[in-house]
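The lines below spell out each chain.
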Amino acid sequence: MSETVTLTIDGKEVTVPKGTSIIEATEILGVEIPRFCWHPGLSVAGVCRFCMVKIEGMPKLQIACNTTCTEGMKVITVSDEVKDAHKWALEFHLINHPLDCPICDQAGECELQNYYMKVGRYSSQMDEDKVLKPKALDVGDNLVLDTERCILCSRCVRFEDEVTKTSSLGIFNRGDHSIVGTFPNRKIQHNYSYNIVDICPVGAFTAKDFRFKCRVWFLNETKTICPGCSTGCNITLYEHKNQRQYYRLKPRKNMEVNGHWMCDEGRTMYEHLNATNRLAVPTIAGKHLSWNLLGKEFKQKLENVKGNADKVALVLTPQYTNEEYENILTSLKTILGNLPKIYVWRDSAEKIDDFDGILMRGDRNSNSKGLSQILEKHAAQAVTLSGDFSPLASSSANLVLVFGPEIEKSYSQFANEVTRFAELSNVIYFGTTLNPITKKFSLAIPTKVFAEKNGTFINFKGIPQKLKANPLVFPAMKGIEDIFAEIKA
Amino acid sequence: MPVIKNEYQGRKPDEFRILLGLEGHSNARNIQTYIEKGNGYKALEKVLKGGMSPEDVINTVKASGLRGRGGAGFPTGLKWSFVPKGPGEKYLITNFDEGEPGTYKDCYISEVTPHSLVEGKIIASYAIGAQKSYIYIRGEFHNEIRWCAEAIKEAYAAGYLGENIMGSGFTHHMDVYSGAGAYICGEETGLISSLEGKKGQPKLKPPFPAVKGYLGKPTVVNNVESLAVVPWIIHNGPEAYKKFGTEKSPGTKLFNVSGPIARPGCYELPLGYPLMRFINEDCGGLIGGKKLKAIIPGGSSAPALTAKECENLTLDYESIAGAGSMLGSGAIIVIPEDVSMVSVLENLMDFYAHESCGQCTPCREGTGWLYKISKHILKGKGTKTDMDRMYSIANNMRGKTICVLSDAAADPARAIVTKFAHEFEPYLKG
């Protein structure tokens, strides 16, 4: 028995592993068959009846999602019969849909809208009263449900059953009065709820975090990596086209890393990117310092300890890119003549080996693996600061360089611990967030956030993944590499 | 050619009685009556003690040409043969949901001869190797649930159920499971979902229940009537069974007649019996000398036939399929001249819109849409376009869904809209 079968789809030959469904085979070919209920990350439901295709030798049209490819099968996805079936399937979906696109958050990325333009374009024949169903239901911490917009594809129900195994959702009632909803006294309260908004093909589930904030056609998409933990989920980041404002992020398929999903905690990783909370300009002893003068001041501080590398302490956190670590270490080596004493500051409460069984890991740092690899490469011995800062205090360093965490909330004791550095004299602090303590440092330097960097994170599995930079929120800002380049020149 | 005895008049037990032999007996449901008067449990004895192998049983039923009595008419023996051979958990489920409007034959079987069903189930379970079987019964059938449960209890007490039946080494257990009363649970995979404790919704096929059914194990779902007739076939042999009925539709079948006729009720007839003779002679014709307008020959899902189309029909699968309808469950609904087909349509569409499980879009939305339009027309607010629209909606609902409920709603709608179009005209605005 061979392990593959060869079939033709619209005259194009394709060879697929045995057991592949027609819809999966068309994905390989890049032919799109309209679908609502089928999702590559979920089981086959076969209920929307949209993905109809013609198979030669079969009297009736078949659904592509539940038909297994067989040797020599001839599939036709474009014919008058198939087109008519698609048009009617869409019309059935829309007859009781409220068509409230102007006030619906899904507008612009709604599959009903998209398919209407692709395969619909009919004039509605529906003259009857529509079925009215409950709207604006609060179904969880993050979600709002509109059952009138729902097309009952059951993706959300299957997601709850199969991915998170929380089974909070079900379909109630029968016929055209069927509604999706939560079971009595149950809410969707888990760390993966926003995925339901992503897989919902229509505007039935909307995110409390995003609804009514921005029309999706005003958003630019950037493909990058989530910095929330050591899993390194592949994400798409949405930034406003005209304003420097981030609105949300969504997972991007990568079967080796995150599959189709990401956690809700990761979804908040856009909040610290926006200008409101960011450290915008450098400060020297609490006073603003212009970016042009920063290089001079920074150089001065390093010149003072030149040749005394052992009198310099370097505190790193595992949230910078490989390229940045490399730059920091080589630059300091050049300037000081040798590597300074290195400390790695980690959260005192972290449980590195924790795993929630789906995606999120106990190591909430995006690049622990990258940092240890770079340190190893430079044969640097690092002391870990985890709750106990005495090794640093007793080092009697004349100059302390702290590269603080970009995501401060991943350090459970951040507010306390950062004051420990403020107690030391002559501290240069690199960070992203505006907080009262930054003014106490002799020099505080804003750094770029992950969304503004091109660089590499190495995830817990050892897979290096590239970040992609967006335009800077503060256009004058200089990155770590720019600052070191300036003082080395 | 069909064997039709001219003297057959339907209601009195006579030689054509296969299933309803005990009809009219004062204590018909009792196991003693069944054993003494109805050759009860002789077939089971023949199977278990007479050295019949499961294959022999399947082959006997195949040879009898018995076709499933639930509606689709699928050969029963063939259905059994799809179950994988060898050891392992398997289930036999009796479909006693009897939801098709107009049908009450299964209830009648449980009222007259529940032990035929129990015995048939034990034999069928032996044939497919099922250790456990269920009677899935509609929740509203209070009496029938009791009768079935009593029959099972009696069979246990008599040693026909339980461990090592009659010393044959075959062990079988049986239970009654009452559903909540949904039309869709009469669809075999919907029934399995319901029996599993889930919402009664049909499952995607493939995999078919014979391979992956109840709790993921091979399962056969048979109608009450198909199973109840099995003991007779085993006891008398397939040839005796084939003496009744036609070549392609052998045996007898229970027919339920409803509507304004003199003697409505449940009749056992050999297949191939002339329809009009049955209505006019055996059932005494329409009351008050009314004229016949239409007949729905096989439960509400069967497209209606006009009086003219019924003239030369015989009651068997082929003849009625040839006329563009179906024998279905054998529920004959008689519609007289003074009933408007528009209200018939509205009534039927109301039923299907209410009973669609809501899983597949064309059925969920289509049944509701058809109902709304038909209601609209009945209120005198429809137009000619509504008729065309109903026809195209029905056309596009057919064959597009997981189960055939969609077709069951679409076919009668298409038939009424086309065959009785003239009746709609007074209702239309223009």
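This is a predicted model, so every value here is computed, not measured.

### Some details on the overall build of chain A
Right, on to step 1. Scanning chain A from N- to C-terminus turns up twelve helices and 23 strands.
Right, on to step 2. If one aligns the C-alpha atoms of chain A with their principal axes, the spans along those axes are about 85 × 55 × 40 Å.
Right, on to step 3. Among the 489 residues that make up chain A, the fraction classed as buried is 58%.
Right, on to step 4. Accessible surface for chain A amounts to roughly 20,400 Å². Of this, 51% is attributable to carbon and sulfur atoms.
Right, on to step 5. With 59 positive and 57 negative side-chain charges, chain A shows a separation of 4 Å between the mean positions of the two kinds.

### Quick notes on the overall build of chain B
Right, on to step 1. Secondary structure summary: chain B contains 19 helices and eleven strands in total.
Right, on to step 2. A globule of 430 residues ought to have a C-alpha radius of gyration of about 22 Å, and chain B, at 22 Å, matches this closely.
Right, on to step 3. Judged by the C-alpha coordinates and their principal axes, chain B covers about 75 × 50 × 35 Å.
Right, on to step 4. Classification of the 430 residues of chain B by burial places 60% in the buried group.
Right, on to step 5. For chain B, the share of sequence-separated contacts (at least 6 apart) that also reach a separation of at least 24 residues comes to 70%.
Right, on to step 6. Approximately 15,800 Å² of chain B is accessible, and the part contributed by carbon and sulfur atoms is 53%.
Right, on to step 7. One way to put it: in chain B the 49 positive side-chain charges average out to a point 3 Å from where the 46 negative ones average out.

### What to know about the interface of chain B and chain A
When the parts of a complex come together, some accessible area is lost, and that lost area is often used as the size of the interface.
Right, on to step 1. Facing 32 residues of chain B, the contacting portion of chain A comprises 35 residues.
Right, on to step 2. Summed over both partners, the interface of chain B with chain A buries about 2,700 Å², with 53% contributed by carbon and sulfur atoms.
Right, on to step 3. The tally of links from chain B across to chain A stands at two salt bridges.
Right, on to step 4. Across the pair B:Arg389 and A:Asp127 runs a salt bridge, and its minimum N-O distance is 2.9 Å.
Right, on to step 5. In this structure, the connection of chain B to chain A is made through 16 residue pairs in polar contact (both at pLDDT 80 or more).
Right, on to step 6. Per-element tally for the side of chain B that touches chain A: the top contributor is helix 16 (residues 361-378) of chain B, with ten residues.
Right, on to step 7. Looking at the side of chain B that touches chain A residue by residue, the classes come out as twelve nonpolar, twelve polar and eight charged.

### Looking at the nonpolar core
Right, on to step 1. Counting residues in each nonpolar core, the largest one holds 131 residues, and the members touching the most others are A:Phe205, A:Phe298, A:Leu401 and A:Phe403.
Right, on to step 2. With six residues, helix 8 (residues 322-336) of chain A is the largest single contributor of residues to this core.
Right, on to step 3. Counting residues in each nonpolar core, the second largest holds 60 residues, with B:Tyr34, B:Leu48, B:Ile58 and B:Cys148 among its members.

### Quick look at the packing of aromatic side chains
Right, on to step 1. Evaluation of the coordinates by the stated rule reveals 38 aromatic pairs over all chains.
Right, on to step 2. Geometrically, the ring pair formed by B:Phe74 and B:Phe82 is tilted, given 6.1 Å between the ring centres and 45° between the ring planes.
Right, on to step 3. Take B:Phe82: its relative accessible area is 45%, and that puts it in the partly exposed class.
Right, on to step 4. Here the aromatic cluster, defined as three or more aromatic residues joined through ring pairs, consists of A:Phe298, A:Tyr320, A:Tyr325, A:Phe403, A:Phe430 and A:Phe484.
Right, on to step 5. Sitting over the ring of A:Tyr238, A:Arg248 keeps its end group 4.3 Å from the ring centre.
Right, on to step 6. Over the ring of A:Phe460 we find A:Arg361; its NZ or CZ atom is 3.6 Å from the centre of that ring.

### Quick notes on helix 8 (residues 188-195) of chain B
All names here are of chain B.
Right, on to step 1. Burial analysis of helix 8 places seven of its eight residues in the buried class, which makes it a mostly covered element.
Right, on to step 2. Buried within helix 8 we find Thr189, Gly190, Leu191, Ile192, Ser193, Ser194 and Leu195.
Right, on to step 3. Among the structural elements, strand 1 (91-96), strand 2 (132-137), strand 3 (173-178) and strand 4 (219-223) are those in contact with the buried residues of helix 8.

### Focus: the domain arrangement of chain A
Right, on to step 1. Taken domain by domain, chain A consists of domain 1 (4-94), domain 2 (128-273) and domain 3 (277-488).
Right, on to step 2. Taking the mean C-alpha position of each, domain 1 of chain A and domain 3 of chain A sit 52 Å from one another.

### Quick look at the packing of helix 16 of chain B against helix 17 (residues 384-397) of chain B
Residue and element names in this part refer to chain B.
Right, on to step 1. Close contact between helix 16 and helix 17 brings their axes to 10 Å; oriented N to C, the two are set at 160°. Considering their axes alone, helix 16 and helix 17 lie roughly antiparallel with respect to each other. The two elements helix 16 and helix 17 meet at a crossing, and its hand is left-handed. Between helix 16 and helix 17, the residues in contact are Pro362, Cys363, Gly366, Thr367, Trp369, Leu370, Ile373, Ser374 and Ile377 and Asp386, Met387, Arg389, Met390, Ile393, Ala394 and Met397, respectively.

### Some details on the sheet that holds strand 2 of chain B
All names here are of chain B.
Right, on to step 1. Strands sit in the order 3-2-1-4 across an open sheet of four strands; the sheet is parallel. Each end of this open sheet is capped by a strand with a single partner; those strands are strand 3 and strand 4. Pairs of neighbouring strands in the sheet enclose a mean axial angle of 20°, with direction left out of account.
Right, on to step 2. The pairing of strand 2 with strand 3 spans six bridges and is classified as parallel. Across the sheet, residue Tyr134 finds its bridge partner in strand 3, namely Asp175.
Right, on to step 3. Against the sheet, helix 5 (residues 105-112) touches strand 1 and strand 4, its axis set at about 105° to strand 1.

### Digging into unusual backbone geometry
Residue and element names in this part refer to chain B.
Right, on to step 1. Residue Pro206 follows Lys205 across a cis peptide bond; omega there is -10°.
Right, on to step 2. Tracing the backbone through its elements, the reader meets Pro206 in the loop between helix 8 and strand 4.
Right, on to step 3. The omega torsion across Pro206 and Pro207 is 0°, close enough to zero to call that bond cis.
Right, on to step 4. Backbone geometry at Tyr41 places phi at a positive 60°, although glycine is not the residue there.
Right, on to step 5. Relative to the elements of secondary structure, Tyr41 occurs in the loop between helix 1 (31-37) and helix 2 (42-48).
Right, on to step 6. Of note in this structure, Met166 is not a glycine but carries a positive phi near 55°.
Right, on to step 7. Following the sequence through the fold, Met166 ends up in the loop between helix 7 (142-157) and strand 3.

### As for the UniProt feature "domain: 4Fe-4S Mo/W bis-MGD-type" (unreviewed entry) in chain A
Right, on to step 1. Mapped onto the present numbering, the UniProt feature "domain: 4Fe-4S Mo/W bis-MGD-type" (unreviewed entry) falls on residues 219-277 of chain A.
Right, on to step 2. Its end C-alpha atoms 21 Å apart, residues 219-277 of chain A is made of 7% helix and 34% strand.

### Considerations on the domain arrangement of chain B
Residues and elements named next belong to chain B.
Right, on to step 1. According to the domain assignment, chain B contains domain 1 (31-241), domain 2 (254-336) and domain 3 (341-427).
Right, on to step 2. A straight line from the C-alpha centre of domain 2 to that of domain 3 covers 23 Å.
Right, on to step 3. Each partner contributes residues to the interface: domain 2 has eleven residues there, and domain 3 has twelve residues.
Right, on to step 4. Taking both sides of the interface into account, the surface hidden between domain 2 and domain 3 amounts to around 890 Å²; carbon and sulfur atoms contribute 66%.
Right, on to step 5. Counting across the domain 2 and domain 3 interface gives two salt bridges.
Right, on to step 6. Among the salt bridges present, the one from Lys293 reaches Glu423, with a minimum N-O distance of 2.9 Å.
Right, on to step 7. Remark: the boundary between domain 2 and domain 3 carries five residue pairs in polar contact (both at pLDDT 80 or more).
Right, on to step 8. Only strand 8 (292-296) and strand 9 (305-306) provide two or more residues apiece to the side of domain 2 that touches domain 3.

### A word on the pairing of strand 1 (residues 4-9) of chain A
All names here are of chain A.
Right, on to step 1. Inspection of the sheet shows strand 1 paired to strand 2 (residues 12-17) by six bridges, in the antiparallel sense. The residue of strand 2 that forms the bridge with Thr8 is Glu13.
Right, on to step 2. Here strand 1 folds back onto strand 2, and the loop between the two strands holds two residues, one of which, Asp10, carries a positive phi near 50°.
Right, on to step 3. Sheet analysis places strand 1 next to strand 5 (residues 74-76), joined by two bridges and oriented parallel. Its bridge partner being in strand 5, Thr8 is matched across the sheet by Lys74.

### So, the sheet that holds strand 6 (residues 137-138) of chain A
Residue and element names in this part refer to chain A.
Right, on to step 1. Reading across the sheet, the three strands line up as 6-7-10 and stay open at both edges, with antiparallel pairing between neighbours. The open sheet is flanked by strand 6 and strand 10 (205-207), the only strands paired with a single partner.
Right, on to step 2. Here strand 7 (residues 143-145) pairs with strand 10 via three bridges, running antiparallel. Bridged to Val144 within strand 10 is Thr206.

Definitions and cut-offs
- Residues numbered from 1 in each chain as written.
- Chains lettered and ligands numbered in written order.
- Predicted model: local features only at pLDDT ≥ 70, side-chain atom pairs only at ≥ 80, totals over all residues.
- Heavy atoms only, no water.
- Helix = DSSP H or I, 4+ residues; strand = E, 2+ residues; numbered from the N terminus.
- Buried < 20%, exposed > 50% of the residue type's maximum accessible area, 1.4 Å probe, protein only.
- Areas by Shrake-Rupley, 256 points an atom, 1.4 Å probe, with all protein chains shown as cover.
- Lys, Arg positive; Asp, Glu negative; His and termini not counted.
- Charge placed at Lys NZ, Arg CZ, Asp CG, Glu CD.
- Rg over C-alpha atoms; globule rule 2.2 N^0.38 Å.
- Contact = heavy atoms within 4.5 Å.
- Buried area = accessible area lost by both parts, 1.4 Å probe.
- Salt bridge = Lys/Arg side-chain N within 4 Å of Asp/Glu carboxyl O.
- Polar contact = N/O pair within 3.5 Å; in protein donor to acceptor, adjacent residues only side chain to side chain.
- Nonpolar A, V, L, I, M, F, W, Y, C, P; charged D, E, K, R; others polar.
- Core = buried A, V, L, I, M, F, W, Y, C linked by side-chain atoms within 4.5 Å.
- Phe/Tyr/Trp six-rings, centres within 6.5 Å; stacked < 30°, edge-to-face > 60°.
- Lys NZ or Arg CZ within 6 Å of the ring centre and 35° of its normal.
- Domains from an automatic or database assignment.
- Axes fitted to C-alpha atoms, helices over the stretch in contact; angles between N-to-C directions.
- Parallel < 35°, antiparallel > 145°, perpendicular 65-115°, else oblique.
- Left-handed = near helix turned anticlockwise from the far one by under 90°.
- Pairing = 2+ DSSP bridges.
- UniProt positions renumbered as here; feature names shortened; annotations may be inferred.

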